[in-house]
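Spelled out, the chains give:
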Amino acid sequence: MAAQATLHCLTGCAIGEVLGMVIGAWAGLSNVATIVLAVALAFVFGYALTMRGVLRAGVDFRSALKVALAADTISIAVMEILDNGVMLIVPGAMDAGLASWLFWVALAGALLVAFVLTTPVNKWLISRGKGHAVIHQYHQGH
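Residues numbered from 1 in each chain as written. Predicted model: local features only at pLDDT ≥ 70, side-chain atom pairs only at ≥ 80, totals over all residues. Heavy atoms only, no water.

Trainee: Describe the overall build of the protein, and please don't skip the residues or the numbers.
Mentor: Secondary structure summary: the protein contains 4 helices and 0 strands in total. When its helices and strands are written in sequence order, the protein yields α-α-α-α. Relative to its length of 142 residues, the protein is compact, with a C-alpha radius of gyration of 16 Å against a globular reference of 14 Å. Counting across all 142 residues of the protein, residues that qualify as buried make up 41%. The centroid of the 7 positive side-chain charges in the protein is displaced by 16 Å from the centroid of its 6 negative side-chain charges. (Helix = DSSP H or I, 4+ residues; strand = E, 2+ residues; numbered from the N terminus. Rg over C-alpha atoms; globule rule 2.2 N^0.38 Å. Buried < 20%, exposed > 50% of the residue type's maximum accessible area, 1.4 Å probe, protein only. Lys, Arg positive; Asp, Glu negative; His and termini not counted. Charge placed at Lys NZ, Arg CZ, Asp CG, Glu CD.)

And the structure:
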C-alpha cells in the first residue's frame, strides 16, 4: 500500500516537477526560481490527482481538498526535498538545458531516489492512519 501511495504521489509530483523544470529551463529562470516553480506545480498536480479520485467518490470540493491536504502534504514535501536536492547536487544538472541528456538523466534519477526514500515515510504514515490511509475509504470498490 505504501509503494502504491508513493507511486500515486510520484505521478503528480513528476508531472509538476518536470513541467516546472521545463518551463524554468525554457524561460531561462534562475535555479531558485525554477525549483520554486517546480515545487509549486508538484503540489498542485499531486493534490489535483488525489482530489480527482475523491471528487469521483461524490465528496464536495472543499472536503476533497481537505482530504488531499491530509493525504499528500507530507509525502509531496519529502519527495520534493529529495528530488530537488538530487538535482542540485548533480554537477551541472540544473544548468544543462532541455536538450542535454544530463538534465533528463539527473531528473529521472532524482525522481527514482525520491520514490525509494519516500516509500518508507508513506509506510510509516499509513501504519498510523495518516497520509494515504485517509483516502482509502474513498477508493473502496474502485
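There is more to say, and it comes next.
Trainee: Account for the environment of Ala96, naming residues and giving values.
Mentor: The residue Ala96 is located in the loop between α3 (61-89) and α4 (101-127) in this model. Residue Ala96 is classed as partly exposed on the basis of its relative accessible area of 26%. For the pair Ala96 and Ala5, spaced 91 residues apart in the sequence, the C-alpha separation amounts to 31 Å. With sequence-adjacent residues up to four places away left out, Ala96 is seen in contact with Leu102 and Phe103. (Contact = heavy atoms within 4.5 Å.)

Trainee: Would you mind going over helix α2 (residues 31-56) in detail, with residue names and values included?
Mentor: Residues spaced three or four apart along an α-helix point in a common direction, a consequence of the helix completing one turn every 3.6 residues. For α2, spanning 26 residues, the distance from its first C-alpha to its last is 37 Å, which sits close to the expected 38 Å at 1.5 Å a residue. Of the residues one or two after α2, Gly58 is the one with positive phi, at around 95°. (Expected span 1.5 Å × (residues − 1).)

Trainee: Would you mind going over the nonpolar core in detail, with residue names and values included?
Mentor: Counting 30 residues, the largest nonpolar core has Cys13, Met21, Val54, Ile76, Met79, Met87 and Leu107 as its most contacted members. Secondary structure elements with two or more residues in this core: α1 (2-27), α2, α3 and α4. A per-element tally of this core places α3 first, with 8 residues. If we skip the residues at most four places from it in the chain, Met79 touches Thr6, Cys9, Leu10, Cys13, Ala114 and Thr118. (Core = buried A, V, L, I, M, F, W, Y, C linked by side-chain atoms within 4.5 Å.)

Trainee: Talk me through the packing of α2 against α3; I want residue IDs and the actual numbers.
Mentor: Direction vectors running N to C along α2 and α3 enclose 145°, while the axes themselves pass 8 Å from each other. In this structure, the crossing between α2 and α3 has a hand that is right-handed. For the contact of α2 with α3, a count of residues per class yields 18 nonpolar, 4 polar and 2 charged. (Axes fitted to C-alpha atoms, helices over the stretch in contact; angles between N-to-C directions. Left-handed = near helix turned anticlockwise from the far one by under 90°. Nonpolar A, V, L, I, M, F, W, Y, C, P; charged D, E, K, R; others polar.)

Trainee: Got a sec to walk through the packing of aromatic side chains? Specific residues and values, please.
Mentor: Under the definition given, this model contains 2 aromatic pairs. Aromatic side chains Phe43 and Tyr47 sit 5.7 Å apart centroid to centroid with 50° between the ring planes, which places their arrangement in the tilted category. With a gap of 4 residues between them, Phe43 and Tyr47 both fall in helix α2, about one helical turn apart. Of the two residues, Phe43 and Tyr47, both sit in the buried class. Aromatic pair Phe103 and Trp104: ring centres 4.9 Å apart, planes at 90°, arrangement edge-to-face. The class of Phe103 is buried, set by a relative accessible area of 1%. Judged by relative accessible area, which is 35%, Trp104 ranks as partly exposed. (Phe/Tyr/Trp six-rings, centres within 6.5 Å; stacked < 30°, edge-to-face > 60°.)

Trainee: Help me get a handle on α4, residues and values and all.
Mentor: For α4, built from 27 residues, the straight-helix expectation of 39 Å at 1.5 Å per residue is met to within 8% by its first-to-last C-alpha distance of 39 Å. Roughly 30° is the biggest bend found in α4, and it falls at Thr118, with proline Pro120 one to four residues downstream. Restricting attention to buried positions, one finds in α4 the residues Phe103, Ala106, Leu107, Ala110, Leu111, Ala114, Thr118, Thr119, Asn122, Leu125 and Ile126. One side-chain oxygen at the N-terminal end of α4 lies 3.1 Å from the backbone nitrogen of Leu102; it belongs to Ser100. (Bend = angle between axes of the 7 residues up to and from the residue. Polar contact = N/O pair within 3.5 Å; in protein donor to acceptor, adjacent residues only side chain to side chain.)

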